[in-house]
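# Per-entry structural report
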Amino acid sequence: MNFINEIEINIVKDIILVADALAPRLGIEVDTFLINTLNLNDKPLLLHLNVRNTNPIDYLFTKNAFGNAFKIISNDDKTDVIYYVETDNQKWHLLKGLLTYINPEYILSDWIEEEIQIANLSIKICKNLDIIFLGQLTDNEKRVLKEVNSKMEIGTYDMIELFKSEMEAHLLTSTIETLKQKKFIYSNGDKVSETLISVKNKIKNYV
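My aim in this report is to walk through the structure given alongside it, one point at a time. Since we're looking at a predicted model, the values are computed, not measured.

### What about the sheet that holds strand E8 (residues 195-198)?
In spatial order, the strands read E6-E8-E7; together these three strands make up an open sheet with antiparallel pairing. Each edge of the open sheet carries a strand with a single partner, namely strand E6 (153-155) and strand E7 (185-187). The mean angle between the axes of side-by-side strands here comes to 30°, regardless of whether they run parallel or antiparallel. In this structure, E7 lies alongside E8, joined through three bridges in antiparallel fashion. Within E8, the residue paired with Ser-187 across the bridge is Leu-196.

Structure (C-alpha cells):
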C-alpha cells in the first residue's frame, strides 16, 4: 500500500493543549480525536503522530490515548501510523501504554522492545531523524528491510536480481509480502511492475 492521504497530528498542540501528558482523562480526549479522524477517512491513510512535546508523559496516558487506534490500525491494511518521539522516556511510555492496552495482564518490565517482539506487535517509531522498526523479524526480513531502506525505492524484480545468489525468488517474494503485512515496507500496489517503497520516504517532511 502506498498511502494517498497523510495527516500529521501534534498531540499537544492539536488536542490536549498542555505538555504534561499524565492524566488518563487527557488520553481519552486523544482517543476520541483519533477515532473520529479514522472514521471520517475513506482513503488509504498514513497518520504521523507527534508526541515529541509531551513532557512529562506516562504510560497510562498513552494507553488511553493510542491503544484503541493502534488496535484498529493494526487490523486495517489501508491505514498505518508512525509515532514521533524525541526521548527514550517518551518511547518507553508509548510502548508500555500500547502493551498494557493490548494485554491488560501485562506485567511491566524494563525489557520493553523484547516484550514488543514477544507480543508480536509491529510498531514504527521515528526518533532523532531515524526510523525504528519494532517487532518480530527473521534474518531474511532484516536483510530485505535493510536493502529497501538503503535504496528508498526499488522494483521487486531488481530485488530478485540483487538476492539471486542468497535467496530463491519464491522465498524473497514471500519475505517481501510479510514485511508489507507488517507495514515495514510499502509498495505502489502494481502487481506487474511493483515498486517497493521505504517508510523512510514518508518521514522526510515530518522529522
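### Things to note about unusual backbone geometry
A negative phi angle is the norm for most residues apart from glycine, just as the trans form is the norm for most peptide bonds. The amide bond that connects Asn-55 to the next residue, Pro-56, takes the cis arrangement and shows omega of 5°. Within the fold, Pro-56 resides in the loop between strand E2 (45-50) and helix H3 (59-74). Here the phi dihedral of Asn-120 falls at roughly 60°; this positive angle occurs in a residue that is not glycine. Assignment of secondary structure puts Asn-120 in the loop between helix H5 (112-118) and strand E4 (123-127).

### Some thoughts on the packing of aromatic side chains
Aromatic ring pairs are reported here in terms of the distance separating the ring centres and the angle at which the planes meet. Applying the stated criterion across every chain yields a total of four aromatic pairs. Aromatic pair Phe-61 and Phe-66: ring centres 6.4 Å apart, planes at 90°, arrangement edge-to-face. The exposure classification of Phe-61 matches that of Phe-66, with both residues buried. Between Phe-133 and Phe-184, the aromatic rings sit 5.2 Å apart at their centres with planes inclined by 70°, giving edge-to-face as the arrangement. Note that Phe-133 is positioned in strand E5 (residues 130-134) and Phe-184 in the loop between helix H8 (169-181) and E7, a separation of 51 residues in sequence. Members of the aromatic cluster, joined through ring pairs, are Phe-61, Phe-66 and Tyr-83.

What counts and how
- Residues numbered from 1 in each chain as written.
- Predicted model: local features only at pLDDT ≥ 70, side-chain atom pairs only at ≥ 80, totals over all residues.
- Heavy atoms only, no water.
- Pairing = 2+ DSSP bridges.
- Helix = DSSP H or I, 4+ residues; strand = E, 2+ residues; numbered from the N terminus.
- Axes fitted to C-alpha atoms, helices over the stretch in contact; angles between N-to-C directions.
- Phe/Tyr/Trp six-rings, centres within 6.5 Å; stacked < 30°, edge-to-face > 60°.
- Buried < 20%, exposed > 50% of the residue type's maximum accessible area, 1.4 Å probe, protein only.

These results come straight from atomic positions and should not be treated as a statement about function.
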